[in-house]
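Single-letter residue listing:
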Amino acid sequence: MLFSKLLPREGNFFELFNRHADEMYQAALSFSQLVSEYDNVEARERLTAEIAEIEHKADRITAEVLRLLHKTFITPIDREQIHSMTIGIDDVVDTIQHVAQAMSLYDVHAMTPEIVSMTDLSMKACVCLKNAVQPLKQLNKEDVVKVVIQACQEIDKLESEADKAQSVAISALFRKEPDVRELIKYNAIYSQLEQITDRCEDVADIIEGIVLENS
């Protein structure tokens with residue numbers, strides 16, 4: 001009993017969530033810039049390295065949340081939800097970094113309209129996710145609940161759009177690309193790009209559960 005009284009009771013979880021979401025947004029922004037400036041080799045290398053550094057920052061926040069979770073006696077929301085949301089946001093950042101890294105490893109020479117379109121959908125999903133995370137501390141307010149739910153619903157729509165965009169992109173690729181090596185490269189990139197919105201949707205589902213239980 002005495003030991004439990006010495007443990008933190010709330011922790012700064014919401015602040016850490018916001019920091020995590022900020023890093024996710026920065027990773028998405030840098031990736032969007034990478035795609036738009038891909039023809040510039042210097043910018044490409046700089047932005048790829050920048051995304052890798054952001055991924056490391058996100059990892060450190062994940063570790064900080066998990067350490068705090070072990071030390072905190074009473075948490076502001078369910079412990080499993082804190083864990084799942086933290087890992088989920090980190091997965092979004094990891095996926096962005098994996099796509100950027102794959103472009104370099106696969107020696108992708110040019111961005112296609114399909115990559116540009118799917119990157120735009122990914123960026124929008126990350127913005128919506130950031131908007132859903134930031135107000136979580138104020139779920140006792142009805143207008144905040146509406147904002148969070150709307151952001152989560154928008155992520156669901158964007159994930160569906162990204163899924164359709166991937167199907168169209170792969171169909172066009174198999175019909176038009178005669179070089180098997182290029183086909184393999186771009187097929188992998190399209191698949192990984194679509195996973196960004198998948199991971200955003202995973203976190204949105206967790207957030208919706210938090211909203212339902214705490215509003």
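Just so you know, these numbers come straight off a predicted model, no measurement behind them.

How each quantity is defined
- Residues numbered from 1 in each chain as written.
- Predicted model: local features only at pLDDT ≥ 70, side-chain atom pairs only at ≥ 80, totals over all residues.
- Heavy atoms only, no water.
- Helix = DSSP H or I, 4+ residues; strand = E, 2+ residues; numbered from the N terminus.
- Buried < 20%, exposed > 50% of the residue type's maximum accessible area, 1.4 Å probe, protein only.
- Contact = heavy atoms within 4.5 Å.
- Areas by Shrake-Rupley, 256 points an atom, 1.4 Å probe, with all protein chains shown as cover.
- Lys, Arg positive; Asp, Glu negative; His and termini not counted.
- Charge placed at Lys NZ, Arg CZ, Asp CG, Glu CD.
- Disulfide = S-S within 2.5 Å.
- Salt bridge = Lys/Arg side-chain N within 4 Å of Asp/Glu carboxyl O.

Student: Is there a simple way to explain the overall build of the protein chain in this structure?
Tutor: Summing up its helical and strand segments, the protein chain has seven helices and zero strands in all. Each principal axis of the C-alpha atoms in the protein chain carries an extent, and together these give about 70 × 30 × 25 Å. Each of the 215 residues in the protein chain was classed as buried or not, and the buried ones make up 48%. Partitioning the intrachain contacts of the protein chain with sequence separation of at least 6 by distance along the chain shows that 82% fall at a separation of at least 24. Surface accessibility of the protein chain: about 11000 Å² in total, with carbon and sulfur atoms responsible for 51%. The averaged location of the 38 negative side-chain charges in the protein chain is 5 Å from the averaged location of its 22 positive side-chain charges.

Student: Could you clarify how one ought to interpret the state of the cysteines in this entry?
Tutor: This structure, assessed with the given rule, holds zero disulfides. A disulfide-free cysteine, Cys128 has its sulfur positioned 8.8 Å from the sulfur of Cys200, the nearest such atom. In this structure Cys128 comes out as buried when scored by relative accessible area, which is 14%. For the unlinked cysteine Cys152, the closest cysteine sulfur is that of Cys128, found at 9.1 Å. On the basis of relative accessibility, which here comes to 0%, the residue Cys152 falls in the buried class.

Student: Can you walk me through the side chain of Gln97 in this structure?
Tutor: Examined against the element boundaries, Gln97 turns out to sit in helix H4 (residues 79-105). Not counting chain neighbours up to four residues away, the residues in contact with Gln97 comprise Ile51, Ala52 and Glu55.

Student: Quick question: what am I supposed to make of the pattern of salt bridges here?
Tutor: Close approach of charged atoms lets side chains of opposite charge pair. Tallying each qualifying case throughout the model produces eight salt bridges. The partner of Glu182 in a salt bridge is Lys185, and the shortest N-O contact between them spans 3.1 Å. With Glu182 and Lys185 both in helix H7 (residues 180-214) and three residues apart, the pair spans about one turn of that helix. Residue Glu182 shares its accessibility class with Lys185, and that shared class is buried.

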